[in-house]
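Summary of structural features
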Amino acid sequence: MPINILMPALSPTMEKGNLAKWLKKEGDKVKSGDVIAEIETDKATMEVEAADEGTLAKIVVPEGTQDVPVNDVIAVLAADGEDVKAAGAGWKASAGGASSPQREEGAGPAGGKAEANSHVQDKADQRPTPQPPSPLPNGDRSPPQAAGEGAPAPANGRVFASPLARRLAKDAGIDIAGVTGTGPHGRVIARDVEQAKSGGGLKAPASAPAGPAIAAAMSDQQIRALYPEGSYEVVPHDGMRRTIAQRLTQSTQTIPHFYLTIDCNLDRLLAAREDINAAAPKDKDGKPAYKLSVNDFIIKAMAIALQRIPDANVSWTEGGMLKHKHSDIGVAVAMPGGLITPIIRSAETQSLSSISAQMKDFAARARARKLKPEEYQGGTTAVSNLGMFGIKDFTAVINPPHATILAVGTGEQRPIARDGKIEIATMMSVTLSCDHRAVDGALGAELIGAFKTLIENPVMMMV
């Protein structure tokens, strides 16, 4: 039987991707693990590995195609012994233009590569699935809708989920009925359960009262009507800009933000930084092994502060608070068309030189869109530093599922009062945005106070 290769979901939030390049052509033999294509998401370019062996019978989606929905058929593989031409010619008859019902999902594993088709369902526990949508007038078929996006709920209340998803949910103590399915036809799949473990992808409780209505935004036509024809140029949004817009809108509408600002004296830190950089070992060409930035100290200080105030190292979920054991610090990096937040994992355990090296690597690969999803997804908080642009202070929008984000302003000389005298000191203003559901005012004040103590006494970060 021909095997449908589906558009993989390279991250839990991915809905569409661009098929950048085919690395195999029709008629080529394919082995499990072969890299067959390159997929562009809004933030990275990823390789797609084949999960099965056979011959590439038909390329359904040509390279260069943009906005291909997740789980759409992108190619057909003829299994060993099958007629390749027949498999390629009959793919629509066998698939109906929809995802193969014999595959659980197209999500790829962590590590920068995605399997084109992943888990095969356990036949002993197969469940019936809804019929594919009826053809549209042009002969095409509407894409399967995920739960929460218009997919009808089963009339008998049954939850459609893969055996693997059910097992993972049971092991994690998660009610499978409360998980939003993103598989074909709204089916709950393994990655949905994994996302639910961190508080994402959960359905709102049925008894929850509806929130106040949000006024509709102005339409494109209404906005354009305000400006003379020819006085502007329309620049279409790319995938990254759309994703940023969606996540920021979600954050501001669903997270009750409040803000705490404090001033930090950088004089000791700057002196320590100068001494540490001067002592860095050099290679034969005289190049130092590392050169620490003020931002490296900020990342380390935030990581240790979260360990000292563990109740603030949390993520809100409707089912309970997630208290994180490590401080995984996301750091906002500007890149063409938007920004991304690569994550320094367990930053509280890392040296300043290690943090510095990772940030240089992340920044270079972020701008080249070469970061892997596991390098920028998750985290327990984030740092956004606009000090290099001369910004004195600002507030940042929390990046779900974080409960906090630290906005860092520039270090500048200011007059301060000390022992009744006016002195000049290098001061830096920082503002902590907090999710009031998870971090209340007193707790947020403790966290930003712990950060200030560390920044002003950098020797405490060396212990």
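Digging into the overall build of the protein chain
- When helices and strands are tallied, the protein chain shows 11 helices and 19 strands.
- Split by element, the accessible area of the protein chain, about 23,900 Å² in all, is 53% carbon and sulfur.

Focus: the sheet that holds strand β10 (residues 257-265)
- Overall, mixed pairing links the 6 strands, which are arranged β10-β19-β18-β17-β13-β16 in an open sheet. The sheet is open, and its two borders are formed by β10 and β16 (343-344), each paired with just one other strand.
- Strand direction decides the pairing type here: strand β18 (residues 404-418) and strand β19 (residues 421-435), joined by 13 bridges, are antiparallel. Paired with Q413 across the two strands is T426, which belongs to β19.
- Contacting β10, β18 and β19, helix α11 (residues 441-456) runs over the sheet at an angle of about 25° to β10.

Focus: the side chain of S356
- Among the secondary structure elements, S356 is positioned in helix α9 (residues 352-367).
- Within the local environment of S356, its side chain forms a polar contact with the side chain of K360, the two groups lying 2.9 Å apart.
- Setting aside residues up to four positions removed in sequence, S356 forms contacts with K291, L292 and D296.

A few points about the packing of helix α8 (residues 294-308) against α9
- Their axes nearest at 9 Å, the elements α8 and α9 cross at an angle of 115°. Between α8 and α9, the interaxial angle falls into the category roughly perpendicular. Considering how the two elements wind past one another, α8 and α9 form a crossing that is right-handed. Contacts between α8 and α9 involve D296, F297, I299 and K300 from the former and L352, I355, S356 and M359 from the latter.
- Grouping the amino acids of the contact of α8 with α9 by side-chain chemistry returns 5 nonpolar, 1 polar and 2 charged.

Section: the confidence of the model for the protein chain
- Of all residues in the protein chain, 81% attain a pLDDT of 70 or more, and the chain-wide mean is 82.
- Below pLDDT 50 for its whole length, residues 115-153 participates in 74 contacts with residues either more than four positions away or in separate chains.

Brief notes about the pattern of salt bridges
- Here the structure, examined in full by the defined rule, presents 11 salt bridges.
- Across the pair E412 and R414 runs a salt bridge, and its minimum N-O distance is 2.9 Å.
- A relative accessible area of 27% places E412 in the partly exposed class.
- Given the relative accessible area of 13%, R414 is considered buried.
- We note a salt bridge from D435 to R437, for which the minimum N-O separation is 2.8 Å.
- The class for D435 is buried, based on a relative accessible area of 1%.
- Among the charged side chains, a salt-bridge network with shared partners connects D263, E412 and R414.

Details of α9
- Counted at 1.5 Å a residue, the expected span for α9 with its 16 residues is 22 Å, and the 23 Å between its end C-alpha atoms agrees.
- Those residues of α9 not exposed but buried are L352, I355, S356, M359, F362, A363, R365 and A366.
- Here the buried face of α9 lies against α8, β13 (329-331), β14 (333-335), β15 (338-340), β16 and α10 (373-376).
- R369 sits one or two residues past α9 and shows a positive phi near 60°.

Some points on a nonpolar patch on the surface
- On the surface, M218, I223, L226, Y227, Y232 and V234 cluster together into a nonpolar patch covering about 580 Å² of accessible area.
- Relative to the helices and strands, Y232 is located in the loop between α5 (220-224) and α6 (239-254).

Some words on the environment of G409
- Note that G409 resides in strand β18.
- When the C-alpha positions of G409 and G390 are compared, they lie 7.4 Å apart, and in sequence the two are 19 residues distant.

Some words on the pairing of β18
- Of the pairings in the sheet, the one linking strand β17 (residues 381-385) to β18 comprises 3 bridges and is parallel in character. Among the inter-strand pairings, V383 is bridged to a residue of β18, identified as L406.
- Where β18 folds back onto β19 in an antiparallel hairpin, the turn is made up of 2 residues, including D419, whose phi is positive at roughly 55°.

Here we look at the sheet that holds strand β3 (residues 29-30)
- Spatially, 4 strands are ordered β1-β8-β6-β3 in an open sheet, and the strand pairing comes out antiparallel. One side of each edge strand has no neighbouring strand; the edge strands of this open sheet are β1 (3-6) and β3.
- Examined bridge by bridge, β3 and strand β6 (residues 54-59) share 2 bridges and lie antiparallel to one another. Its bridge partner lying in β6, V30 is registered against G54.

Digging into unusual backbone geometry
- Omega for the bond connecting P400 with P401 falls within 30 degrees of zero, at 10°, which places this linkage in the cis form.
- Even without being a glycine, N71 presents a positive backbone phi close to 80°.
- Along the chain, the position of N71 falls in the loop between β7 (65-69) and β8 (73-78).
- For R369, which is not glycine, the phi torsion reads 60° and is therefore positive.
- Locating R369 in the fold gives a position in the loop between α9 and α10.
- Accessibility expressed as a relative area gives 25% for R369, which makes it partly exposed.

Here is what the cut-offs are and how they apply
- Residues numbered from 1 in each chain as written.
- Predicted model: local features only at pLDDT ≥ 70, side-chain atom pairs only at ≥ 80, totals over all residues.
- Heavy atoms only, no water.
- Helix = DSSP H or I, 4+ residues; strand = E, 2+ residues; numbered from the N terminus.
- Areas by Shrake-Rupley, 256 points an atom, 1.4 Å probe, with all protein chains shown as cover.
- Pairing = 2+ DSSP bridges.
- Contact = heavy atoms within 4.5 Å.
- Axes fitted to C-alpha atoms, helices over the stretch in contact; angles between N-to-C directions.
- Polar contact = N/O pair within 3.5 Å; in protein donor to acceptor, adjacent residues only side chain to side chain.
- Parallel < 35°, antiparallel > 145°, perpendicular 65-115°, else oblique.
- Left-handed = near helix turned anticlockwise from the far one by under 90°.
- Nonpolar A, V, L, I, M, F, W, Y, C, P; charged D, E, K, R; others polar.
- pLDDT = per-residue confidence, 0-100.
- Salt bridge = Lys/Arg side-chain N within 4 Å of Asp/Glu carboxyl O.
- Buried < 20%, exposed > 50% of the residue type's maximum accessible area, 1.4 Å probe, protein only.
- Expected span 1.5 Å × (residues − 1).
- Patch = residues over 30% accessible without salt bridge, like charges linked within 9 Å, V, L, I, M, F, W, Y side chains within 5 Å.

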